[in-house]
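A look at the structure
The chain contents come next:
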Amino acid sequence: MFLGVDTGCVHVIKKRCEELGSRDPNWKEDEYGILYLLHASHLAKSDLPEGLQFGEITENHAQQICGEWKYGTAESLPFSRYILRNRFPSSGVFTQDGRLVAYILYRFDGMMFSGFVHPDVRRLGLFQAVNYNMVEKLASSGQDVGLLTVEPFNAGSLASNAKLGAKKVDPNDYGHECYKFTPVLKF
């Protein structure tokens, strides 16, 4: 994904991506992520239920995260390992025996991604908790809002972010055209 590219240049980027032979056959030209802003003031801070605590997500959790990532690709595992190895912000909730049950990660392009709560612990406010924790971490580093995109077909994430109070960015304020380029990643 290219962010912050002038729309007058998109045709040049598309052409070069096609020359490199990396057009994703599953990508639909009219598909785009819905951009949301998430600020700490949109969320209520709450205590975690008894027996759960925040902890550090490490590279060792990458396999689990990718296994649970419904929309991941073949590059998801090396990408997640890279993100975690290089200690980009993340927020994870763990059981007393160390099992990661809720999380959200942060990409190097400034976007939060891969939010997940294990089905065994849903409806306990953990998605709100990891998002609040992540937005606090971002604010402490000088970024006062979290950015995230949700694919328009991901009904669960659309509903979860609406419930959180994430603010959908009006396409008239932030217009964009998307073109997916999947390079061969070497991490």
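Below you will find a few notes about this structure. (Residues numbered from 1 in each chain as written. Predicted model: local features only at pLDDT ≥ 70, side-chain atom pairs only at ≥ 80, totals over all residues. Heavy atoms only, no water.)

**Structural notes on the pattern of salt bridges**
- The full count for this structure, using the stated rule, is three salt bridges.
- We note a salt bridge from Arg87 to Glu56, for which the minimum N-O separation is 2.4 Å. Within this pair, whereas Arg87 is found in the loop between helix H3 (76-85) and strand S3 (90-95), its partner Glu56 is found in the loop between strand S2 (52-55) and helix H2 (62-68), the two being separated by 31 residues in sequence.
- Residue classification places Glu56 among the partly exposed residues on the basis of a relative accessible area of 47%.
- The partner of Arg85 in a salt bridge is Glu59, and the shortest N-O contact between them spans 3.3 Å. One end of the pair, Arg85, is in helix H3; the other, Glu59, is in the loop between S2 and H2, with 26 residues separating them in the sequence. (Salt bridge = Lys/Arg side-chain N within 4 Å of Asp/Glu carboxyl O. Helix = DSSP H or I, 4+ residues; strand = E, 2+ residues; numbered from the N terminus. Buried < 20%, exposed > 50% of the residue type's maximum accessible area, 1.4 Å probe, protein only.)

**Details of the layout of surface pockets**
- Here the second largest pocket is characterised by a volume of approximately 200 Å³.
- Among the elements that line the lining of the second largest pocket, the one with the most residues is H3, at three residues.
- Taken together, the residues of the lining of the second largest pocket break down into five nonpolar, three polar and five charged. (1 Å grid on protein atoms, 1.4 Å probe; cavity = no way out; pocket = protein on both sides within 12 Å on 5 of 7 lines; lining within 4 Å. Points joined across faces, edges and corners; volume = space filled by probe spheres on them. Nonpolar A, V, L, I, M, F, W, Y, C, P; charged D, E, K, R; others polar.)

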